[in-house]
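Geometric and topological summary
Okay, here's what each chain looks like letter by letter:
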Amino acid sequence: MSELTLERGLAALRAEIDAPTAAFFSSCVHCGLCAQACPFYLETGDPKYTPILKLEPLRRVWENEFTLWGRIKGLLGLQKKVTDEMLAEWEELVYDSCSLCGRCSVVCPVGNDLYAMIRKTREGMVQSGHAPEGLISASVRAITTGSPMGLQWKTLAVQIQHVESSSGLTVPVDREGAEYLVLLSSMEIINFPEYLEAITKIFDHAGISWTLSTQCFEATNAGIQIGNKDIAAELVERVVAAAETLRVSKVISPECGHAYTAIRWEGPNLIGRPYPFRVFHIIEVLDELRAAGRIKTEGKEDDRLSLHDPCNLARKSGVIQQQRNLMALVAENFVDLKEHGKYQWCCGAGGGVSSNERAEELKMAAFKRKKAQIEEVAPERMVTMCATCRTQLEEGLEAFNMEIPVVGLTEMIAEHLVERD
Amino acid sequence: MRKRSDKTLGESLRDHGLSRRGFLKLCAATASLMALPPSMAPAIAAALEQARRPSVIWLSFQECTGCTESLTRAHAPTLEDLILDFISLDYHHTLQAASGEAAEAARLQAMDENRGQYLVIVDGSIPGPDANPGFSTVAGHSNYSILMETVEHAAAVIAVGTCAAFGGLPQARPNPTGAMSVMDLVRDKPVINVPGCPPIPMVITGVIAHYLVFGRLPELDGYGRPLAFYGQSIHDRCYRRPFYDKGLFAESFDDEGAKQGWCLYRLGCKGPTTYNACATMKWNDGTSWPVEAGHPCLGCSEPQFWDAGGFYEPVSVPLTLGPATLLGAGAAGAVVGGGLAALSRKKGRDAAATRQPVTVDELEQKL
Ligand code: SF4
Ligand code: SF4
Ligand code: SF4
Ligand code: SF4
């Protein structure tokens, strides 16, 4: 039976090296700004968490094998080779101390896309057998059961029943020719079932035709988080097949930031062809409905609310104004965190960190940035729109004994819909 | 009668009593200034000898005159001294003798006689078209209308100083006058940025010399700056760099580290993110430069340097820069990378071919 080895890891790293990668490594000026942008470095103060250092294995492969200087060094016996021990040591840096939040990429003065390169480095890590257990199990389960948490349709069916009986509405399933296919994340199904109820109510209110699919209901992509194209592509193919079966023209990603970037931005590249449908985050859809006057709300929240922008949505996808438009619809007393939108701070749990038990302590350390930001504006409640961020905010605030409830934006909108008579 | 600018540069320089030897020395200096090999000097001499002095109109808007001062405070007998002979400076607020209507008439006449040929040099930023035109006027005309009228038939525009190039101090938050840079306003003409607060005088003249010698504008970076002078960061050429690499940083301006000449990074040096020639050309005829004088680089040749965090804050992240500018800055790197990648394209193909897809079984073995 074949197995994951150092040779395969090196081959994968080699395969990841392209012109931008070469440009990035040759243009780094070692200014260290990326360290100042990374919550894992800032909150631990440990220089080993400097983003550019996390890329050392990839950088060495590039220098040794792709540059003239590296080859000369090789002839002189001066090359520093990438060894299995090195990859084992870097595993923590590449997975536990990086949420793929992309903040380092936006501050690098020479434009190095560090986050993208960490994603690339993970390709080599997986192939050499150096990925965290939590992510390996999640990937295996995603492929074998369809959900990284091992969830089956029957669990979702139970939630659907609850939603239907509490709302008196029908949750459409496998409805061919619907406009929207709604995808969920296991986390939403288990931890935040109110999200499904909210969508059901809002879509009914706005007269939207939509459906869930029994063929594929989950769009989080464990393959992207662990850093393996093969698994990631297979998971994307499943979504595409489901959407094609139901002939929908629009697909709504789960309220999970990384699922959104995976399906929206990486997906077509992974499978090597364009989608026959368009992909949206629910927040984008809601804002379009708002602009078209299809969402009528009444009453406003009067307590002081603030917003956590998910990295994948705000920084990596530019969905920034939409959530603020929606907030304005239902909140009277909204205050932005000081750094928000494109430059917001990561909650610390994304990019697979939350599925990696070993990273628990680092995850909480990184959260301290968010905590400090929240303390600064002292809101009575926090609002967000990503299941992973929401879980992390809830856990983090609790760990620090801060009594600030966290609510989902979609649910909040649903609560304010004008009742029909 | 021949127009003033019809004299060749050689004739003009000889009129000023410059010897043949002096002229060649000047050409050698020009070559080194433009990062050309010394063997180019004779070719430069020949080109300059024959070059017609182009008509130059120098417009000053919201500025402090520092850039003109920088140029004229140069040391004899160098390029700076002779710049006024290189070109036919037909209009310059500060330097010209004429005033009032005669001055404005000189500008219009220069524009008329040299249609499509003249260079416009601008220092200072401009209240944009949406700003109150009264914020800055010359002879009753707004800066904006003068600029647009003057550049219409220009061959190219040189934005001298950070105010003209990137908005500079007038544009610092909250930008009360709606100040904009030349490149914000002039879209249909080549615009060369020569930023710096002020720019190094030799860089200003170098750009003009390049134009005269080669008949075209120099190669520019993502910010429209000539690569010959702005191609390397201060940090890459800083003589304190060995200390930076060893992690030896001065922590205050008068500690032991400062006395030993250690790196000023922690005291706010913006050298790593600043592209300029200070570290190699130095100031005041090569006497010294800020970092050598013990002061961190402020990053004066970069966009939005007034708003990019405190001057004395270590590693202030210029979060105000948009992704477009960051991408622009990265583009130069991408070109380098592209070249490298081309070298190893075959290697890349081989690499992709040897990569093996991962299966669930293989992953499971690791659990
Ligand atoms: S911010 Fe960019 S240039 Fe600076 S050290 Fe990091 S990767 Fe290198
Ligand atoms: S992507 Fe975010 S977490 Fe990862 S290294 Fe960059 S700043 Fe740190
Ligand atoms: S003083 Fe500034 S320019 Fe010099 S090495 Fe230090 S950081 Fe670089
Ligand atoms: S040292 Fe820095 S701030 Fe000073 S002139 Fe040079 S580039 Fe400008």
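Note on numbering: residues in each chain are counted from 1, in written sequence order. Think of it this way: whatever chain is written first is A, whatever ligand is written first is 1, and the rest follow in order. Where totals are concerned, whole chains, interfaces and linings use all residues; where local detail is concerned, this predicted model gives features only for residues with pLDDT of at least 70, and gives and counts side-chain atom pairs only at 80 or more. To get the side-chain values, all heavy atoms of the structure are used, and hydrogens and water are removed first.

1. Brief notes about the overall build of chain B
In DSSP terms, a helix is any run of H or I states spanning at least four residues, a strand is any run of E spanning at least two, and both are numbered starting from the N terminus. When you go through chain B residue by residue, the secondary structure sums to 18 helices and nine strands. Taking all contacts inside chain B whose residues are at least 6 apart in sequence as the whole, residues at least 24 apart take part in 74%. Taken as a whole, chain B presents about 16,900 Å² of accessible surface, with 56% of it coming from carbon and sulfur. Contacts are assigned to residue pairs that have any heavy atoms within 4.5 Å of one another. All accessibility values rest on the Shrake-Rupley procedure with a 1.4 Å probe; residue burial counts only the protein chains present in the view.

2. Some details on the site of ligand 4
Residues are counted as near a molecule or strand when any one of their heavy atoms sits within 4 Å of it. Close contacts around ligand 4 come from Ile234, Thr274, Asn276, Cys278, Trp283, Pro290, Cys297, Leu298, Gly299 and Cys300 of chain B, and that covers them all. Taken together, the residues that form the shell around ligand 4 break down as seven nonpolar, three polar and no charged. Classification used: nonpolar for Ala, Val, Leu, Ile, Met, Phe, Trp, Tyr, Cys and Pro, charged for Asp, Glu, Lys and Arg, polar for all others including Gly.

3. A closer look at the sheet that holds strand E5 (residues 305-307) of chain A
Residue and element names in this part refer to chain A. At least two DSSP bridges between two strands are required for those strands to pair. Read from one edge to the other, the open sheet built from three strands follows the order E5-E6-E7, with strand pairing classed as parallel. Strands at the two margins of the open sheet, each flanked by one partner only, are E5 and strand E7 (406-408). Along the sheet, successive strands turn relative to each other by an average axial angle of 35 degrees, direction set aside. Looking at chain direction, strand E6 (residues 381-384) and E7 are connected through three bridges and run parallel. Bridged to Thr384 within E7 is Gly408. Packing of helix H22 (residues 387-399) onto the sheet brings it into contact with E6 and E7, and relative to E7 it is tilted by some 165 degrees. Working convention: axes come from line fits to C-alpha atoms, limited for helices to the stretch in contact. Angles between N-to-C directions cover 0 to 180 degrees.

4. Focus on the UniProt feature "binding site: [4Fe-4S] cluster 1" (unreviewed entry) in chain B
Residue and element names in this part refer to chain B. In the UniProt entry, the feature "binding site: [4Fe-4S] cluster 1" (unreviewed entry) is given for Cys64, Cys67, Cys163 and Cys197. Spanning 134 residues, the named residues form one tight spatial group whose C-alpha atoms are at most 9.9 Å apart. Along the chain, the position of Cys67 falls in helix H4 (residues 66-72). Setting aside residues no more than four positions away along its own chain, Cys67 makes contact with Asp123, Val160, Gly161, Pro198, Pro199 and Ile204. In this structure Cys163 comes out as buried when scored by relative accessible area, which is 16%. UniProt positions are given in the numbering used here, feature names are shortened, and annotations may be inferred rather than shown by experiment. Burial classes: relative accessible area under 20% of the type maximum marks a residue as buried, over 50% as exposed, and values in between as partly exposed (1.4 Å probe, protein chains only).

5. Considerations on the pairing of E6 of chain A
Residues and elements named next belong to chain A. Side chains Arg381 and Val383 of E6 all project onto a buried face; the interleaved residues Met382 and Thr384 project onto the opposite face, where all are buried too. Inspection of the sheet shows E5 paired to E6 by three bridges, in the parallel sense. By the bridge assignment, Ser306 is partnered in E6 with Met382. Look down the strands so they point away from you; if going from the first strand over the helix to the second traces a clockwise path, that crossover is right-handed. Taking the sense of rotation as the criterion, the β-α-β connection linking E6, H22 and E7 turns out right-handed.

6. Comments concerning unusual backbone geometry
Omega for the bond connecting Arg173 of chain B with Pro174 of chain B falls within 30 degrees of zero, at 0 degrees, which places this linkage in the cis form. Tracing the chain through its elements places Pro174 of chain B in the loop between helix H8 (162-166) and strand E8 (179-180). Along the chain, Cys197 of chain B connects to Pro198 of chain B via a cis peptide bond; the corresponding omega equals 0 degrees. Mapped onto the secondary structure, Pro198 of chain B falls in the loop between strand E9 (191-194) and helix H10 (201-214). Notably, Arg247 of chain A is not glycine yet its phi reads approximately 50 degrees, a positive angle. As for its placement among the helices and strands, Arg247 of chain A is situated in the loop between helix H16 (229-246) and strand E3 (250-253). Here Arg247 of chain A falls in the exposed class, since its relative accessible area comes to 54%. Of note, Ala139 of chain B is a non-glycine position whose phi angle comes to about 50 degrees, a positive value.

7. Some words on the nonpolar core
Working definition of a nonpolar core: buried Ala, Val, Leu, Ile, Met, Phe, Trp, Tyr and Cys residues. They are joined through side-chain atoms within 4.5 Å. Grouped together as the largest cluster of nonpolar side chains are 58 residues, with contacts concentrated most on Tyr95, Val126 and Ile226 of chain A together with Leu363 of chain B. Within the second largest apolar cluster, 46 residues are counted, among which are Leu26, Ala51, Ile192 and Ile234 of chain B.

8. A closer look at the site of ligand 2
Residues and elements named next belong to chain A. Near ligand 2 there are 13 residues, and of these Cys38, Cys98, Cys101, Gly102 and Cys104 occur at the shortest range. Counting only elements with at least two residues in the shell around ligand 2, the list comes to helix H5 (51-54) and helix H10 (114-127). When grouped by side-chain class, the residues that make up the shell around ligand 2 number 10 nonpolar, two polar and one charged.

9. Some details on the pairing of E9 of chain B
Successive residues of a regular strand alternate their side chains across the two faces of the sheet. All names here are of chain B. Where burial is concerned, the two faces of E9 agree: the one with Val191 and Asn193 and the one with Ile192 and Val194 are both buried. In terms of strand pairing, strand E7 (residues 156-160) meets E9 through four bridges, oriented parallel. Paired with Ala159 across the bridge in E9 is Asn193.

10. Here we look at helix H21 (residues 360-377) of chain A
All names here are of chain A. In this model H21 runs 26 Å from its N-terminal to its C-terminal C-alpha over 18 residues, within 8% of the 26 Å that 1.5 Å per residue would give. The term bend refers to the angle at a residue between two fitted axes, each drawn through seven residues, those ending there and those starting there. Of all the bends in H21, the greatest, near 30 degrees, is centred on Arg369. After H21 finishes, the residue Ala378 shows a positive phi value of roughly 45 degrees. A helix is expected to span 1.5 Å for every residue after the first.

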